[in-house]
Structure formats: structure tokens, C-alpha cells
4 protein chains.
Amino acid sequence: MVNVAIVGASGYTGGELLRILLNHPEVEVTDVSSRKYDGTPIEKVHPHLRDTGLVFKNINPSDFDADVIFTATPHGASMKIVPDLLETGAKVIDLSGDYRFNDIEVYEKWYGIEHTSDVKGVFGLPELHREEIKKAQLIANPGCFVTGAILSGIPLSKAKLVDRMIFDSKTGVSGAGISPTTSTHYPNIGDNVNPYKPTSHRHMPEIQQELGAFSDVRISFTPHLVPVNRGILTTNHSFLTPENEGMTSEEVLELYKENYKGEPFIKILEDGEIPRLSSVRGSNFAHIGCFEIDETGRLVVISAIDNLVKGASGQAVHNMNIMCGFDETTGLKMYGMHP
Amino acid sequence: MVNVAIVGASGYTGGELLRILLNHPEVEVTDVSSRKYDGTPIEKVHPHLRDTGLVFKNINPSDFDADVIFTATPHGASMKIVPDLLETGAKVIDLSGDYRFNDIEVYEKWYGIEHTSDVKGVFGLPELHREEIKKAQLIANPGCFVTGAILSGIPLSKAKLVDRMIFDSKTGVSGAGISPTTSTHYPNIGDNVNPYKPTSHRHMPEIQQELGAFSDVRISFTPHLVPVNRGILTTNHSFLTPENEGMTSEEVLELYKENYKGEPFIKILEDGEIPRLSSVRGSNFAHIGCFEIDETGRLVVISAIDNLVKGASGQAVHNMNIMCGFDETTGLKMYGMHP
Amino acid sequence: MVNVAIVGASGYTGGELLRILLNHPEVEVTDVSSRKYDGTPIEKVHPHLRDTGLVFKNINPSDFDADVIFTATPHGASMKIVPDLLETGAKVIDLSGDYRFNDIEVYEKWYGIEHTSDVKGVFGLPELHREEIKKAQLIANPGCFVTGAILSGIPLSKAKLVDRMIFDSKTGVSGAGISPTTSTHYPNIGDNVNPYKPTSHRHMPEIQQELGAFSDVRISFTPHLVPVNRGILTTNHSFLTPENEGMTSEEVLELYKENYKGEPFIKILEDGEIPRLSSVRGSNFAHIGCFEIDETGRLVVISAIDNLVKGASGQAVHNMNIMCGFDETTGLKMYGMHP
Amino acid sequence: MVNVAIVGASGYTGGELLRILLNHPEVEVTDVSSRKYDGTPIEKVHPHLRDTGLVFKNINPSDFDADVIFTATPHGASMKIVPDLLETGAKVIDLSGDYRFNDIEVYEKWYGIEHTSDVKGVFGLPELHREEIKKAQLIANPGCFVTGAILSGIPLSKAKLVDRMIFDSKTGVSGAGISPTTSTHYPNIGDNVNPYKPTSHRHMPEIQQELGAFSDVRISFTPHLVPVNRGILTTNHSFLTPENEGMTSEEVLELYKENYKGEPFIKILEDGEIPRLSSVRGSNFAHIGCFEIDETGRLVVISAIDNLVKGASGQAVHNMNIMCGFDETTGLKMYGMHP
């Protein structure tokens, strides 16, 4: 049993952490912090989480007393508090972008702010970095698009099969956060499709960092807002290199099955089944499938995740489970909600 | 630990029973039956339920060997198999309309078929019939609209406050089942509202039966299909009788709080909070709120449930928990999924 | 050919006025005014209206030089400029609530602001006030909910058939305007139903005023936000008075057909057809149907309109056509867009 | 004034032809044919098109007496009647795939049926084949995905800028037609994204034929169903060839503006505006924009059309206008419907 605190618990990823952790058998949620909602019961912000007894408090970073602290704070804000939180002796899992980059300059270029913290985090994708996560005190939980994208591409990059990957992602609107803006106004989204930042989304360099670790594959990324609450469907278009031209769909499928063998949250779809958002809605599973190759040598791999679960809070709890030595699926066994 | 079988497991309520029961700590799902899908792994029909090892089988009713059997079969089909299932000694929870009516003639009038079974079920709304459920061998699980409607009206009918209730319900499309029809074709539902059977839906007499047990309140019911996957939002418009004219919103609120005290799945909303579907999505909770009275003496009470959970499979599992002596919330603790 | 100006043209009703008027053969749009967007081409705000050459200008009310001026300004703002606009000699059609009430005190009670203008408008529902509209210089264009509600109830009130009407309305989100708020944030609306102001929406007294002119019917009104861009579906639940108890559905249908005979934008549905939003999407038509009576003497009439067209800008253009002596359907002949 | 008949008028493209043609000032719709609905008034199938007086008739192909005949019939069915229709002397515009291919073998391979007609059609994309359309008696109206895709790619292929184009398309569900299927069942589409035929959709060879006429660009195509009624958003990912590496976004934009100069239905978006479906909803416009180039040399061009208008019936009417010598925009001036 561990004591858990959440900083910045009033947003969607905070709410989702609560939804999961309140039913986690090894966890007691002891503190939920929010400056804005200090003194407010959590159901006023998260209307689905009733009668928990939890009330937002404005807590000084150094005053936390928890075994594990999740920081669901915006980028820039996290790095101002994480060092103090680490000082309390807690394990910290940060859901912002602040600690995801090996190269601070890349962060500063894409986020446009100075990086002022010198602690280092482990990139919290268990399927890539499980061993380091076990020993880490600070986890940089991956971005939502990043999770969907790299899970669809890891086996290809490792095997050096392709030289380019184009990630065309379709995301639910909860990824934009809990604050209303023009681009999340219902009449702009309903019955509509909105591409945005077609070549300049800051999840691109994060994808590049992780996939580029295995080969010199070139990464392109374009996100689209679709009229969906949750979920990211990523269509990974890649091109077999000349030396891999004869590769078959069956061989690619086998490569994925082999690569993800034993992974508790990765499901490889076969027999013509194609991933879709509803199958993973509300769950920590990632579905990966398709593996078709067309006449031009383009290979299509499709992944589906819930952006708030496997793309954020669920993956964060998975990281906690690994760090704390719990069974990895504890508190995360719920299936997707189809329909 | 009980062995559980599901008959007719290939529809939405069957899928939802599986989603819940596969994570229920006191249950082992031993058989999932379907004539149509005999031999098919369940993930081919329920793509979110992967790697369970379960395969649909076509099983003769008298060959079941389970402690509890859920029949997620259509009305008319249930009454043909339930007597045989009861003969096996199992507790049976039927999700069809076949055993819901005290008066067979009402059933035959509204369902248009002859009722040929002489076993009797207990109407499985725990908030009304908990004691009988404990002792029952056969449960008639309530209709989805019915659950939303009567939960919004029980305290009023018991207290004889009103003489009429108009239930104006807005339902998600999963209530129409897994088979495609013109009325569930996406282009007919998306960005649209479709009223249907405005005065002739067969859930009306079921509402009448349960609410009419306490007073001679007259019941009207009109359902609407809205572009939503799951959930029923019921707006209960009722009229204070002359002798109750001075009643205040606060008094009505207190009546509901008193009436539902200790009920694990009923949440009474206060302080101007209004129920909405997202707060109960995927959960077994019913949210009830509003309690406003306008200048004409109309009282508005609003309830929100997930039609597939509290309105069907979750309530069925709740009934099983009561029948088997488990803690009532076992396997049903998940919160709603907002957003 | 008339010169037309639009004040407050940067909102949804302004955009919709432009969409209609730019294809109106008797109109030239000469000025589109907006303080906020002064100098901005209209396609930057209304991305569907491209290459019109129109640019928002900030124009002083007394400087307008147009035959007809539409004021698509918020309530409170309209009454500050309408007197000056009338002074220019123009016909004015105001889309706010400022001039809709016969009794200023009702306005001040429900809108919470002092009414400071002493000019009077004609309530611009052509089906009720056509003759006055012909002679008017100022039109108070009706509210969107109001239009849907009273069209469903006029024949009943005129014939004194019922003593109560409950309007349960389901509205698209564009009715909330172009500015994003928490209640229009996509994740709060998508896959959801949100009732709001269940007994206190300020369109209620407007409905009361118009329907109460014919009988002392009591009016109740509850709106719900549904995941739809445009449209209002109103379910009018009313109760036959004792003296009308034997009334049949067929007789009610005939009453509606008789009442709306010759009305160019009213379509009475027969043969079991039920109105739905898609059939009127983007059009100025109102569909009215159902007319079923249940066993308790409740009568159900259902209307469907597009809130931005028949519920706002289309009706405003209809009023203009009447005022200017054009054929009433000029520029308004487009059918609904189903699907 | 021309007499127009529609064969197969009971589907979505038939309904859309009617919606447009009933307000076309140069057209009288004289016959609407449907075998299935012989004798039925059109509003029973197209509930938005009321009081037109039109009734479906089952008409023998050689009995038509019209100046222009639209065949909104399925592939395979069209080629059985088009020769007879041409014999009547009418101009024929076929909305199926039957006459779109220069090479019959490509048709037979992708459609899996034998091609039995030896008349030839002109590929009816006005932006490419206007001069031939003027003189044609038979038009093969392009596929919906095809229209969105090739409009986004023509200038690139003509200028030989890129060697590959990946079309990642997001389509509304009306493209699947009026008949309900499992894949158009609301609960499978709502709040979901469904890729399908990721490498094997038969619109691919049609795109290849038209774009391949100008260069040897390799074409890949993957469609996705999104929860939208109408519209196709195509994201065209292409790769500058080594000799064009220094090309800038501004130069690409200029290329598009030059290429589509004077085209009445093509709108090139500048200044960072990105196409979205709502801006073209219900209209015959195609919006094309983005033109961004990322660090890997990938160029992104995005197009948005309404699949039922520019992608089908509107383009068919555009072709009719050209064939009949009408102003090209006659009957097609309506703007998109945002929101």
C-alpha cells in the first residue's frame, strides 16, 4: 500500500488518474492539489467522482508527504516543482513534457521556454524502458500522440525496415485539455474534421528521439481533431527500404508479435482486424494492426489508444506499478468500452 | 466464487456482462452461448475483450452447469429457455421483458405474443425489491428506460406528491441493439434528434406497474434517439397535486435523500448540479437531480444512467451480488467516464 | 433591390444572415459591422463565406445608409442602437430579445437589466403577425426556442384544447453562440446530454406571451443541449381539457393543417412521420407532426426547426421579404440537408 | 430550360441531385426513377424534399424522354442501362464507377465484374477535362475520394514536384450509401474512428489514372470513417524530389493559385488557414490549403469537399451546366454551412 498525491489534479489527466487510482487496491490517494480549486470537493470539477471525501488543497511542493507523486501540471510548471518534490523522497511521475527530452536544446526549441531544472527523468514508456523505470525516481510520462506513434513504429525502426514514417493521427478533443477554447468549441468540432499544426506539433521531436534511437528513420507527423471525446488513432505510413522490398505482411505481423511478446497492454490484431478507438476506450490497452503493404511498397500500421489512459494517466499508473514492484496490471485491468 | 454462464452473449448487453464479469473477483465465466457464433472466439464479436480464451458455444438449455445464468436473449426467446435453465438448479437473471409483468395480459398486449411460461420472476430493481431479490431464483431485470424513469419517480409516487408524470427520455443508440437498421444508420442519427414511438413504447406499462404500486399516478413516456452511444437521460415532468402545492425544491431534495439513503449506486445531486450522461458513462451509478419547481407547479426531476450498465448488465450483476450474498458493489465499483 | 446592412455580423446569426442574403436576388449587402473585427475580411470569421469582398467595419449607428438593417447584437446592446438606426429611415429587424415583450416589466425581470428604449417592435413570427409585419418599421425577431415551441402550440391554444403545455426542447450547440465556454467545450457535449436552466430559461415568458394571447394555457419549458450543431426539436406534451377528452389524433392533425394552410414554411407531417432535425437542417422550414394522444389524455406534438434559420436568420429574412413586398420565399427556397 | 430525369433517385446521391436541381433555375425535373419505390412520393424516402409533387416511377431505360439523365445507380447496374439511355438522345451523367476507367482491365480487376458496355465516357472533373466535357454525351462523374485527392495533387503532378503521394482521407458516413450495414451502425461509428481497406480501396486506381497522366508519381490511399455525416478531408503527404528540394511553401501556394485561377469552385486558402469540412458542408466548393513543408522534405496539402456535392451530385450538376452551356455556377451558388 502506497500513499499517492496528485499535483494539478483538476484537469482531465488529473481526473483520469483519480478514476483509476481510487479503484487501485495498492493505493491510497492522500492528497489532490490544485491552486485554483483550493478547498473545493473534487466532484465539483470531476462530476463522475462522487463521495470520495477528497478535497483539492493548495500544497507547497516541499510539504507533500507521499510515496508517489503524480504531477499533472503544464509544461514549464512541472520543472518548477519537481526538484522539490523529489527532495521529499517521493517517486515522481511527471505528465508534462518537461523531462522527456535527452537533449535540452530540443526541448527549448520546440517549447519555446528555457529549461531550468537539472534533474533527469526516465522516459516512461514501459515497452521501451522497463528496466530503467524500475530504478527511476523521476519518470517523464510520454506524450499522448507520442505513445500511439512510437508503439506503431518501434519494431520497424529496430529492424531497420523503413526509412520514413508518416504519422497521420486522429485525436479526440480531450487531448486539448479541460479549458474551453475556440478550437474546442462544439460547433467547430461536431460533424467536422480539423487538421492542426500539420508540420509543427511539438510531439514530433519526441517521436523522433525515441524511434531515432534504433535507426535513422525520418519522422513526419500531422494531427487532426475529430469529433471524438477520447482516443488517438494513428495511421503510420512507412516505406520499405530497397533491401526489404520483398517483405510480406505476414512477416511484418510476426515481427510485431515477437517484439511485443509478453507485453500486458499491447494487443496485436490479426486476420484482417483493424484497430479502432472504441475497442480501447477507457482502457490502458494499445491495439496495433493492419500491416498491409501496397503495390508501391508502402506499409500501413495502425494503432489505437485512449489518449487519457495509455496516452497519459493509465501509462503513468503502469509506471508507478513498475516502480513500486506491483503486478504491472494492478488497477489497470479494465477492458475497453465498446460501444 | 461462482460459475457463471451467459446465454445470448453476442449482443451489446452480453458484451457488457462480459466486460464487467471478467473483472469480477467472485466470478468465473465458464460458458458464453450463442447459436449464431458457435465456435467463434468472443473478440471477433466484442473486439475490446481480447485474449480471454472464451469461445461462443451453442449449448442446450438443460446442459448448462453454472451457479448463475444470465439470459441476454430477446423477449419471446427467454421464456422458451428459462424454465429449463431453472431446472438445472441455477439462479437465472433474465434481461428480456418476458418476466417483468405481474399481469401476463399486459405483457401480451404490449409485446404482441402469447406468454407460455408459468414460472415467476422478481422484478430486479434492487432499490425497490432487494429483499425479494435475495430469495429469488429468477430475476426479471428491468428495462433500460424503465430503470431511469422509475428511479426518478419512486419517492414522488411513494409520497403521493404528484398525479401525473411525463417521462421525456433521451437515449443513446446502443439501446437499439447490435443489429444495424435504418433507424440506427449513422447518417440518420449523427447531428440529429429522432423521437420514436411517442406514445406507444412498451416500456411504458412497465413504468406504470412499478410506480403505480404506490399511488394512482398517471404515466406518460416519450423516447428520443440522440447521437450518443450510451446513456439515458430522463426528464421527469410532474405536477404537484393541489394538496402539495406549497412544497419546495428543498423539501423534494430531502425526500430523495431520505428515500435513497444507503443505496450504493444512487447519487443525489445538490447545489444546482444537473445530471448528465458523461458522469455515469460506463458505470452502474444513477445520478438524480434538479428538483426545481416552476411557477405552474411543475416539478422537474432528472436522472442519468448508462443504459447498458445500470439499465441492463450492471444492474443484472448487482442482482447477482445480492442473490449470492456478495458485497453489493463487488465488480461494480468503476466510476463514470467523464469526459 | 434593397441595400442591406448587418450590425454585429461576426456571430453565428450574423454569419447565417450573410449565407442567406449573399444569394438573395433582391438584396445587396452593403455593410457588415463589427466593432471587434473592424477591418477584417469576413472569411477570417466565417470561413465558408469566401471571396465576397466584404470587410467588417465599425460603423456609427447614425451613419448607416441602408434600406434594411439587421441587428444581430446581444440583448441590451440592441436597444442602445436601434432608435438611432430607425432614425436613419431604415427598416430594422432586431434578433435580440430587447423588443419582444409587450410588457417591459417581464423583460426586466427575466433579463435582469433596465429597458431604456421606448420604440416598439412587432413580434416577427409571420405565422401569427403577418399583417403587422407588413406595416412595421421595427421587427423583434423571435427567440429560437420560442419559434419551435409556439409553432407547435398555436393551434392548440387558439382552439382552447389544452390547459398546460410542457415544452421539452433539445437544441444544437450553435444556439449558445460563437464564443467558447465551459458548457460548449466539446468534451462536455460530445456523446452527452446536458439539461440546463430546467425551469428558468428566459425564452419561457416569450412563449407564454404569444401562446397566452389565445387562452390561459399554462406554459412550462425545459431545454437540453444535445451533441448537434444546429436544430431544435421540441416535444410539446399537453393535456386535453375534460371538455375535449374525446378528441382524436386525426382531428388534431386536421386542426393543424387548417391552421397552417398556405404557410410557405410550415410542413405538417402525416401518416406516422415524425419530425427530425436533419429534414430541416439549413432550411427555413418548420416540420410539425406526431399528434398522438396516449391513454392518459396526453397529446404529443413535435416540431423541428433549424435554430439559426427558422429560429433566427431565416425568419429575419422572411420578415424582410414581407416588409419589402417580395415574394415571401425569395432567397429561402433551399431544402433541408438530410443527411 | 432542360428536362432532367434521375435514375436510381432513392439513394443519397439521388436525394442530393434533387435537393440541388429542384432549385436550379434552368431545370425541370420530369422523372425520378426507382424500381424499389415505384409509386412512392419522394418525401417518404427523402423527408426533407416535401411537396414537390414528384413520385418515384419504375421506368424502362428506353422510355425516358429527357434532355439530361443522371444515373445514380450502383456500379455494374449503370452499364446495363446507359447505352439505352444514350440511344434516347439524352446527355447522360453517370455517378457510378462504370465509365471512369480508360483501361477496362483496371476496372475489371478492382471491381471484380466483367465490363460489358462499349460506349466511352469523359471523366467529369471540370478542373481537368472541361473542354471534353463540353462536347461529351456521356460523363463518368468521379468518385468522391478521387475528387478530394486529385484536386489536392494536380498541380504537384503537373509540375513533377514529388514522386509519391500518400492520401490519408477522413470521410463522412453518407459516402457508404443509404443502406444500413454493420459498419454504418451508429454505435460502431459514434465517438470512434474506423480505418478500412487501408491499401485496397478501389478509388486508388482512379486517382492513379488521373494524376499519373502528368507524371509517374506513385499513389497510395487509405480511407477512414469518422463520426461525420458528410465531407471528405484529404491529407496529401508527398515528398519533394531531390531536384525540387529547395522549394518553399510560398512557391507551392503560388503554383496552386496559378493552376486553379478562374476555377469557380476551388478556393485556395492562405495565411495559415487550414481546410475543414464545415466550411464546405452542403456546398460545391473545394477548399485546398496548408502547403507546409517539414524538415524531412514532406509537403502537406489538405483538401476539403462535401462528398455528396463536389464529390458527387454537385459536380454532376456542374458537368450538366457545362454540357448545356449554362453559367457554370447556376444552381450551385450556395455557400458551405458553418457551423
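Data block above holds the structure.
Residues numbered from 1 in each chain as written. Chains lettered and ligands numbered in written order. Predicted model: local features only at pLDDT ≥ 70, side-chain atom pairs only at ≥ 80, totals over all residues. Heavy atoms only, no water.

A. Here's a closer look at the pairing of strand β10 (residues 218-225) of chain D. Residues and elements named next belong to chain D. With 7 of its 8 residues buried, β10 lies for the most part within the structure. Two strands pair when backbone bridges link them, and strand β8 (residues 162-171) and β10 are joined in this way by 8 bridges, in the parallel orientation. When the bridges of β10 are listed, Thr171 appears paired with Leu225. (Buried < 20%, exposed > 50% of the residue type's maximum accessible area, 1.4 Å probe, protein only. Helix = DSSP H or I, 4+ residues; strand = E, 2+ residues; numbered from the N terminus. Pairing = 2+ DSSP bridges.)

B. A look at the sheet that holds strand β14 (residues 298-305) of chain A. Residue and element names in this part refer to chain A. The strand order across the open sheet built from 7 strands is β9-β10-β8-β11-β14-β13-β12, with neighbouring strands paired in mixed fashion. At either margin of the open sheet sits one strand with a lone partner, and together these are β9 (194-195) and β12 (266-268). Sitting on the sheet, helix α7 (residues 204-211) is in contact with β8 (162-171) and β10 (218-225), with an inclination near 140 degrees to β10. (Contact = heavy atoms within 4.5 Å. Axes fitted to C-alpha atoms, helices over the stretch in contact; angles between N-to-C directions.)

C. Seen up close, the relation of the copies chain B and chain C. When chain B is brought onto chain C, the operation consists of a screw motion whose angular component is 180 degrees and whose axial shift is 0.0 Å, with 0.0 Å RMSD remaining. Expressed as an axis order, the relation between the two copies is that of a two-fold axis. For chain B, the residue whose C-alpha comes nearest the rotation axis is Pro227(B), separated from it by 3.2 Å. An overlap of 100% is found between the interface residues of chain B and their copies at the interface of chain C, pointing to a shared contact surface. (Least-squares fit on C-alpha atoms with pLDDT ≥ 70 in both.)

D. Broad picture of unusual backbone geometry. Here the bond from His338(B) into Pro339(B) is cis, since omega is 0 degrees, no more than 30 degrees from zero. With respect to the helices and strands, Pro339(B) occurs in the segment after α9 (309-324). Although it is not a glycine, Lys197(A) sits at a positive phi angle of roughly 40 degrees. By secondary structure assignment, the location of Lys197(A) is in the loop between β9 and α7. Its identity is not glycine, yet Phe291(C) carries a phi of approximately 60 degrees, on the positive side.

E. Region of the structure containing empty space enclosed by the protein. Overall, the coordinates contain 4 cavities of 30 Å³ or more when judged by the stated rule. The volume enclosed by the largest cavity comes to roughly 180 Å³. Lining the largest cavity we find 18 residues, and of these Tyr186(A), Tyr186(B), Tyr186(C), Tyr186(D) and Pro227(D) sit closest to its centre. Tallied by class, residues from the lining of the largest cavity come to 8 nonpolar, 6 polar and 4 charged. Volume-wise, the second largest cavity comes out at about 40 Å³. Lining the second largest cavity we find His338(C), Pro339(C), Gly11(D), Tyr12(D), Gly15(D), Glu16(D), Val45(D), His46(D), His48(D) and Ile178(D). Residues belonging to the lining of the second largest cavity are distributed by class as follows: 4 nonpolar, 5 polar and 1 charged. (1 Å grid on protein atoms, 1.4 Å probe; cavity = no way out; pocket = protein on both sides within 12 Å on 5 of 7 lines; lining within 4 Å. Points joined across faces, edges and corners; volume = space filled by probe spheres on them. Nonpolar A, V, L, I, M, F, W, Y, C, P; charged D, E, K, R; others polar.)

F. Representation of the state of the cysteines. One pass over the structure, following the stated rule, counts 0 disulfides over all chains. Unpaired in terms of disulfides, Cys290(A) finds its nearest cysteine sulfur in Cys144(D), a separation of 20 Å. Among the residues examined, Cys290(A) registers a relative accessible area of 12% and is labelled buried. (Disulfide = S-S within 2.5 Å.)

G. Examining the nonpolar core more closely. Formed by 193 residues in total, the largest nonpolar core has its most connected members in Phe70(A), Phe70(B), Phe70(C) and Phe70(D). The residues touching Phe70(D), leaving out its near neighbours within four places in the chain, are Val4(D), Ala5(D), Ile6(D), Val7(D), Leu17(D), Leu21(D), Ile93(D), Leu95(D), Ala316(D), Val317(D) and Met320(D). (Core = buried A, V, L, I, M, F, W, Y, C linked by side-chain atoms within 4.5 Å.)

H. Quick peek at the interface of chain A and chain D. The partner chain D presents 47 residues to the 47 residues of chain A that form the contact. Summed over both partners, the interface of chain A with chain D buries about 3800 Å², with 55% contributed by carbon and sulfur atoms. Considering only the side of chain A, the residues that lose the most area to chain D are Asp191(A), Thr199(A) and Thr296(A), jointly responsible for 16% of the buried surface there. Note that Lys170(A) is salt-bridged to Asp168(D), the shortest N-O span being 3.0 Å. Where chain A meets chain D, there are 36 residue pairs in polar contact (both at pLDDT 80 or more). Residue assignment for the side of chain A that touches chain D shows that the elements contributing at least two residues are β8, α6 (186-189), β9, β10, β11 (232-240), β13 (286-293) and β14 of chain A. Top contributing element to the side of chain A that touches chain D by residue count: β10(A), with 6 residues. Taken together, the residues that form the side of chain A that touches chain D break down as 20 nonpolar, 15 polar and 12 charged. (Buried area = accessible area lost by both parts, 1.4 Å probe. Salt bridge = Lys/Arg side-chain N within 4 Å of Asp/Glu carboxyl O. Polar contact = N/O pair within 3.5 Å; in protein donor to acceptor, adjacent residues only side chain to side chain.)

I. Looking closely at the interface of chain B and chain C. Contact residues are listed per partner, giving 47 residues for chain B and 47 residues for chain C. Taking both sides of the interface into account, the surface hidden between chain B and chain C amounts to around 3800 Å²; carbon and sulfur atoms contribute 55%. Counting across the interface, chain B meets chain C through 6 salt bridges. Where chain B packs against chain C, one counts 34 residue pairs in polar contact (both at pLDDT 80 or more). Residue assignment for the side of chain B that touches chain C shows that the elements contributing at least two residues are β8 (162-171), α6 (186-189), β9 (194-195), β10 (218-225), β11 (232-240), β13 (286-293) and β14 (298-305) of chain B. Broken down by element, the residue count for the side of chain B that touches chain C peaks at 6 residues, all from β10(B). Here the side of chain B that touches chain C is composed, by residue class, of 20 nonpolar, 15 polar and 12 charged.

J. Summary view of the pattern of salt bridges. A complete count under the given rule lists 84 salt bridges over all chains for this structure. With a shortest N-O distance of 2.8 Å, Glu273(D) and Arg50(C) are connected by a salt bridge. Of the two residues, Glu273(D) sits in the loop between β12 (266-268) and β13 (286-293) while Arg50(C) sits in the loop between β2 (27-33) and β3 (56-57), which places them in two different chains. For the pair Glu273(D) and Arg50(C), one class covers both residues: buried. In this structure, Arg230(D) engages Asp306(D) in a salt bridge whose closest nitrogen and oxygen atoms are separated by 3.1 Å. Here Arg230(D), found in the loop between β10 and β11 (232-240), pairs with Asp306(D), found in the loop between β14 (298-305) and α9 (309-324); they are 76 residues apart in sequence, far enough to count as distant. Here the two residues Arg230(D) and Asp306(D) agree in accessibility, since each one is buried. Members of the salt-bridge network, linked through shared partners, are Glu16(A), Arg19(A), Arg230(A) and Asp306(A).

K. Spatial organisation of the packing of aromatic side chains. In total, this model carries 40 aromatic pairs over all chains according to the counting rule given. Note on Tyr256(B) and Tyr260(B): the rings are 6.4 Å apart at their centroids and 45 degrees apart in plane angle, and the pair reads as tilted. There is no split in this pair, since Tyr256(B) and Tyr260(B) are both buried. Taken together, a centroid distance of 6.2 Å and an interplanar angle of 25 degrees make the contact between Phe285(D) and Tyr335(D) stacked. Taken as a pair, Phe285(D) in the loop between β12 and β13 and Tyr335(D) in the segment after α9 lie far apart in primary sequence, 50 residues in all. Its relative accessible area of 10% is what places Phe285(D) among the buried residues. Grouped by ring-pair contacts, the aromatic residues Phe101(A), Tyr107(A) and Tyr111(A) constitute a single cluster. One residue, Lys158(C), lies across the ring of Phe214(C), its end atom 5.5 Å from the ring centre. (Phe/Tyr/Trp six-rings, centres within 6.5 Å; stacked < 30°, edge-to-face > 60°. Lys NZ or Arg CZ within 6 Å of the ring centre and 35° of its normal.)

L. Highlighting the sheet that holds strand β5 (residues 91-94) of chain D. Ordered by their spatial adjacency, 7 strands build an open sheet running β3-β2-β1-β4-β5-β7-β6 (chain D), and the pairing between neighbours is parallel. Looking along the sheet, the strands with just one partner apiece sit at the ends: β3 (56-57) and β6 (122-123) of chain D.

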